[in-house]
Amino acid sequence: MSEFTIRQAKLEDVPLILRFTKELAEYENLLDQVTATEETLREWMFKKGKAQAVIGMENGMPVGYALYFYNFSTFLGRAGIYIEDLYVRPAHRKNGYGKAFFRHIARLARDEGYGRLEWACLDWNQPSIDFYQALGAQMKDEWKLFRLDEAGIKKLATE
């Protein structure tokens, strides 16, 4: 029987976090968009403290991760957690590890009094949509995600 545990990521996990990020991006057909490096992850996650990650371990071996950061809802008047990435390697799926990651982060949100737990999903990823709905999550169809990339930020900032 496999033992699955979740631990907080450490600075020395940066290469693993980047590898998992690239594996997730490859699954999503977005690998060409990954510009993160070990250096940028070290700076933004550990020096600036802008995101956190947890590592899922099966029998002591890393098999997945979840990366999250804190946001704020003016409507609720309190913080929430946004899950940027949740990834379990294909060979380790269907073992309840994805649900364990969500449960871990939900307990963190509950214990700290956060008002929301949110994430996004690609519209073609029906297996993940089904999984999220089975967790009790509601898809927010009335909201559209907008984004300015780095070039868009620079352009707007200099106008």
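Now for a description of the structure that goes with this document. (Residues numbered from 1 in each chain as written. Predicted model: local features only at pLDDT ≥ 70, side-chain atom pairs only at ≥ 80, totals over all residues. Heavy atoms only, no water.)

Focus: the packing of aromatic side chains
Alright, step 1. Under the criterion given, the structure shown has 13 aromatic pairs.
Alright, step 2. Taken together, a centroid distance of 5.9 Å and an interplanar angle of 55 degrees make the contact between Phe-20 and Tyr-87 tilted. Here the residue Phe-20 occupies a position in helix H1 (residues 14-27), and Tyr-87 occupies one in strand S4 (residues 78-88), the gap between them amounting to 67 residues.
Alright, step 3. Classification of Phe-20 as buried rests on a relative accessible area of 0%.
Alright, step 4. We classify Tyr-87 as buried; its relative accessible area is 4%.
Alright, step 5. Ring centres of Tyr-68 and Tyr-70 lie 6.1 Å apart, and the angle between their planes is 90 degrees; on these two criteria the pair is classed as edge-to-face.
Alright, step 6. A relative accessible area of 2% places Tyr-68 in the buried class.
Alright, step 7. Relative accessible area serves as the criterion here: at 33%, Tyr-70 is assigned to the partly exposed category.
Alright, step 8. Site record: aromatic cluster; members linked through ring pairs are Phe-102, Trp-119, Phe-131 and Tyr-132.
Alright, step 9. When the ring centre of Trp-44 is taken as origin, the NZ or CZ atom of Lys-48, which lies over that ring, is 3.8 Å away. (Phe/Tyr/Trp six-rings, centres within 6.5 Å; stacked < 30°, edge-to-face > 60°. Helix = DSSP H or I, 4+ residues; strand = E, 2+ residues; numbered from the N terminus. Buried < 20%, exposed > 50% of the residue type's maximum accessible area, 1.4 Å probe, protein only. Lys NZ or Arg CZ within 6 Å of the ring centre and 35° of its normal.)

Some words on the layout of surface pockets
Alright, step 1. There is about 1,400 Å³ of room inside the second largest pocket.
Alright, step 2. Lining the second largest pocket are 36 residues, and of these Glu-118, Trp-119, Ala-120, Gln-138 and Lys-140 lie nearest its centre.
Alright, step 3. Looking at side-chain class alone, the lining of the second largest pocket contains 19 nonpolar, 8 polar and 9 charged residues. (1 Å grid on protein atoms, 1.4 Å probe; cavity = no way out; pocket = protein on both sides within 12 Å on 5 of 7 lines; lining within 4 Å. Points joined across faces, edges and corners; volume = space filled by probe spheres on them. Nonpolar A, V, L, I, M, F, W, Y, C, P; charged D, E, K, R; others polar.)

Let's talk about a nonpolar patch on the surface
Alright, step 1. Together, Leu-148, Ile-153 and Leu-156 line one region of the surface with nonpolar side chains, adding up to about 300 Å² of accessible area.
Alright, step 2. Along the chain, Leu-148 falls in the loop between helix H4 (126-134) and helix H5 (150-157). (Patch = residues over 30% accessible without salt bridge, like charges linked within 9 Å, V, L, I, M, F, W, Y side chains within 5 Å. Areas by Shrake-Rupley, 256 points an atom, 1.4 Å probe, with all protein chains shown as cover. Salt bridge = Lys/Arg side-chain N within 4 Å of Asp/Glu carboxyl O.)

What about the packing of H1 against helix H2 (residues 38-47)?
Alright, step 1. Taken N-terminus to C-terminus, the directions of H1 and H2 make an angle of 110 degrees; their axes are 9 Å apart at the nearest point. Here H1 is positioned roughly perpendicular relative to H2, judged by the angle of their axes. Two secondary-structure elements touch here, H1 through Val-14, Pro-15, Ile-17 and Leu-18 and H2 through Glu-38, Leu-41, Arg-42, Met-45 and Phe-46.
Alright, step 2. Here the residues of the contact of H1 with H2 are counted per class, giving 7 nonpolar, no polar and 2 charged. (Axes fitted to C-alpha atoms, helices over the stretch in contact; angles between N-to-C directions. Parallel < 35°, antiparallel > 145°, perpendicular 65-115°, else oblique. Contact = heavy atoms within 4.5 Å.)

Some thoughts on the nonpolar core
Alright, step 1. Ranked by internal contacts, the top residues of the largest apolar core, which has 16 residues, are Ile-17, Leu-41, Met-45, Ala-53, Ile-55, Tyr-65 and Leu-67.
Alright, step 2. Those elements that provide at least two residues to this core are H1, H2, strand S2 (52-58) and strand S3 (61-73).
Alright, step 3. In terms of residue count, H1 provides more of this core than any other element does, 6 residues in total.
Alright, step 4. If near-sequence neighbours (up to four positions away) are discounted, Leu-41 is found in contact with Val-14, Ile-17, Leu-18 and Phe-46. (Core = buried A, V, L, I, M, F, W, Y, C linked by side-chain atoms within 4.5 Å.)

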